[in-house]
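The chain contents come next:
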Amino acid sequence: MVKVINKLTLKSSDRNIILDPICTHLAHNFSAEKISQLLKLIFPALCASCDTYIYDQGLCADCWQKLEPVTEPVCYKCIRPLPYQNITGCCEGCLLTSPKIEKIVAAYRYNDISRSLILRFKYADRLELTHLLARLLMPAFKQICGPDSLVIPIPLHPSRYRERKFNQSSELARKLCSDTNINHRFQPSLLERKKNTKHLGKMPRTQRAKTVKGAFSINAKMNPYLIGKSCLLIDDVITTGSTISEATKTLLKAGAFGVSAICFASTQKK
Ligand SMILES: [Zn+2]
Ligand SMILES: [Zn+2]
């Protein structure tokens, strides 16, 4: 009904004459819940991944079913699926290289649905997806975030930040901290990106590691807060883990006690 009224070319005073009695009638005769249900029928939501009409905010049933949660057994250092749960909990590669990170947790595998959500979030100015992504990431966040951990998003280089206008990892970290009442542990400016690396996209693992070498530094003013603290890095996607590994080295070198990481999606395959 409101849509029909919106299409009419009416003066705002005339619109109020029509809408006011309708709103008053609804408010007097229906509960807030009923009005909310009516509004959802008039203005249905769209699936955050495929734009199908849905009743409530979030994903349609089809996309929801296609989202692939990361399940055990996986290497706790790099999220690579393991053929079976071995005693060490690590893949062969991590046993050989001993990554400095304590643990990485990923909520979902990188597939068509998680990729669509992340691309829309990052490149289509869909900041409202922060709520959905943080909700999906929350169980993993609660599982890995220590009682005193500093929550540190992977930073963007200032020039990339100016292009995108926001840092997707920082928005996720902010929302996760505010929803768990630990705003004081959210540290968006402790880790800085001093090297504007090219898009790592399809770069091979060794080239990625070389490209991100020396990419991060610690904000000198914030350094005292870091000494002896556990840190939890937040990123949207982890591919080879080179970025997380370089950020971990930077934090440990500056005096952090230990570093873990969490991401929304992992591209690691068997
Ligand atoms: Zn969908
Ligand atoms: Zn591994």
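Here is a short report on the structure shown in this document. (Residues numbered from 1 in each chain as written. Chains lettered and ligands numbered in written order. Predicted model: local features only at pLDDT ≥ 70, side-chain atom pairs only at ≥ 80, totals over all residues. Heavy atoms only, no water.)

Looking at the coordination of the zinc ion (ligand 1)
The cut-off we apply is this: Note on donors: an N, O or S atom is included if it sits within 2.8 Å of the metal, or within 3.2 Å for Na, K and Ca, and water is never included, so sites can look incomplete. For the exposure calls, accessible area comes from a 1.4 Å probe over protein chains only, and a residue counts as buried if that area is under 20% of its type's maximum, exposed if over 50%, partly exposed in between.
In the first shell of the zinc ion (ligand 1), the protein supplies C47 (SG), C50 (SG), C60 (SG) and C63 (SG), at 2.3 Å from the metal. Counting gaps between the donor residues of the zinc ion (ligand 1) yields the pattern C-x2-C-x9-C-x2-C. In this pair, the class of C60 matches that of C63, namely buried.

Details of the packing of helix α10 (residues 205-212) against helix α12 (residues 242-253)
Threshold: Fitted lines through C-alpha atoms serve as axes, helices being fitted only where they are in contact, and the angles separating the N-to-C directions of these axes extend from 0 to 180 degrees. Strands are runs of DSSP state E lasting at least two residues, helices are runs of H or I lasting at least four, and both sets are numbered from the N terminus onward. Take the far helix as the reference: if the near one is turned anticlockwise from it by less than a right angle, the crossing is left-handed, and if turned clockwise, right-handed. Only heavy atoms enter the contact rule, under which two residues are in contact if any of them lie within 4.5 Å. Note that Gly is not counted as nonpolar here; it falls among the polar residues with everything else outside the nonpolar set of Ala, Val, Leu, Ile, Met, Phe, Trp, Tyr, Cys and Pro and the charged set of Asp, Glu, Lys and Arg.
At a closest axis distance of 9 Å, the pairing of α10 and α12 adopts a crossing angle of 35 degrees. Handedness of the α10/α12 crossing: right-handed. For the pair α10 and α12, the contacting residues are R205, R208, A209 and V212 in the first and S242, T243 and E246 in the second. Considered class by class, the residues forming the contact of α10 with α12 number two nonpolar, two polar and three charged.

Considerations on the coordination of the zinc ion (ligand 2)
What counts, and what does not: Any coordination sphere not matching a tetrahedral pattern (four donors, all angles between 85 and 135 degrees) or a square planar or octahedral pattern (four or six donors, opposite donors over 155 degrees apart, other angles between 65 and 115) is reported as irregular.
Taken together, the protein ligands of the zinc ion (ligand 2) are C75 (SG), C78 (SG), C91 (SG) and C94 (SG), with distances of 2.2 to 2.3 Å. Around the zinc ion (ligand 2), the four donor atoms sit at angles spanning 105 to 115 degrees, and that spread fits a shape best called tetrahedral. Motif for the zinc ion (ligand 2), donor spacing along one chain: C-x2-C-x12-C-x2-C. Within this pair, whereas C75 is found in the loop between α4 (61-66) and α5 (92-97), its partner C94 is found in helix α5, the two being separated by 19 residues in sequence. In terms of burial, C75 and C94 fall into one category: buried.

Details of the environment of G214
Following the sequence through the fold, G214 ends up in the loop between α10 and β6 (216-218). Taking the C-alpha atoms as reference points, G214 and A247, separated by 33 residues in sequence, lie 9.0 Å from one another. Excluding residues that lie within four positions of it along the chain, G214 makes contacts with K194, K195 and E246.

A few points about the packing of aromatic side chains
The way to describe two aromatic rings as a pair is by their centre distance and the angle between their planes. The condition is simple: Only Phe, Tyr and Trp rings take part, Trp by its six-membered ring, and two of them pair if their centres are within 6.5 Å. Stacked means planes under 30 degrees apart, edge-to-face means over 60, and tilted covers everything else.
As enumerated under the stated definition, the model contains two aromatic pairs in all. Between Y108 and F264, the ring centres sit 5.4 Å apart and the planes meet at 50 degrees, which makes this aromatic pair tilted. Placement of the pair is Y108 in strand β3 (residues 103-109) and F264 in strand β8 (residues 258-266), with a sequence separation of 156 residues. The residues Y108 and F264 share a single accessibility class, namely buried.

Focus: the side chain of D236
Along the chain, D236 falls in strand β7 (residues 230-238). By relative accessible area, D236 is classed as buried at 4%. Ignoring sequence-local partners within four residues, the contact set of D236 consists of I118, K122, Q168, S169, C263, F264 and A265.

Thoughts on the sheet that holds β3
Condition: Two strands form a pair only when DSSP identifies at least two bridges running between them.
Strand order in the open sheet formed by four strands is β3-β8-β7-β4, with parallel pairing between adjacent strands. Edge positions in the sheet fall to β3 and β4 (150-153), since each of these pairs with one other strand and no more. Sheet twist, expressed as the mean angle between neighbouring strand axes with direction ignored, is 20 degrees. Bridging between β4 and β7 involves four bridges; their strand directions are parallel. The residue bridging I152 from the neighbouring strand is L233, located in β7. Sitting on the sheet, helix α7 (residues 129-144) touches β3, β4, β7 and β8, and the angle it makes with β8 is about 150 degrees. Docked against the sheet, helix α9 (residues 168-179) engages β4 and β7, running at close to 125 degrees with respect to β7.

Description of the pairing of β8
Where we set the bar: Assignment of crossover handedness uses the view with strands pointing away from the viewer, where a clockwise path from the first strand over the helix to the second indicates a right-handed crossover.
With nine of nine residues buried, β8 lies mostly within the body of the structure. Where β7 and β8 come together, eight bridges link them in parallel fashion. For I234, the partnering residue across the bridge sits in β8 and is I262. Each parallel crossover has a hand, and the one from β7 via α12 to β8 is right-handed.

Describing the nonpolar core
Applicable threshold: For our purposes a nonpolar core is just a set of buried Ala, Val, Leu, Ile, Met, Phe, Trp, Tyr and Cys residues, chained together by side-chain atoms within 4.5 Å.
Counting 40 residues, the largest nonpolar core has L59, L117, F141, V151, I234, I262 and F264 as the members making the most contacts within it. Going through the elements one at a time, β3, α6 (112-123), α7, α9, β7 and β8 are the ones with two or more residues in this core. Counting residues per element, this core draws most heavily on α7, at ten residues. Non-local contacts of L117, meaning those with residues more than four positions away in its chain, are made with A48, S49, L59, L129, L132, L133, L136 and F264. One finds I79, I104, I244 and A261 within the second-largest nonpolar core, a separate group that totals 28 residues.

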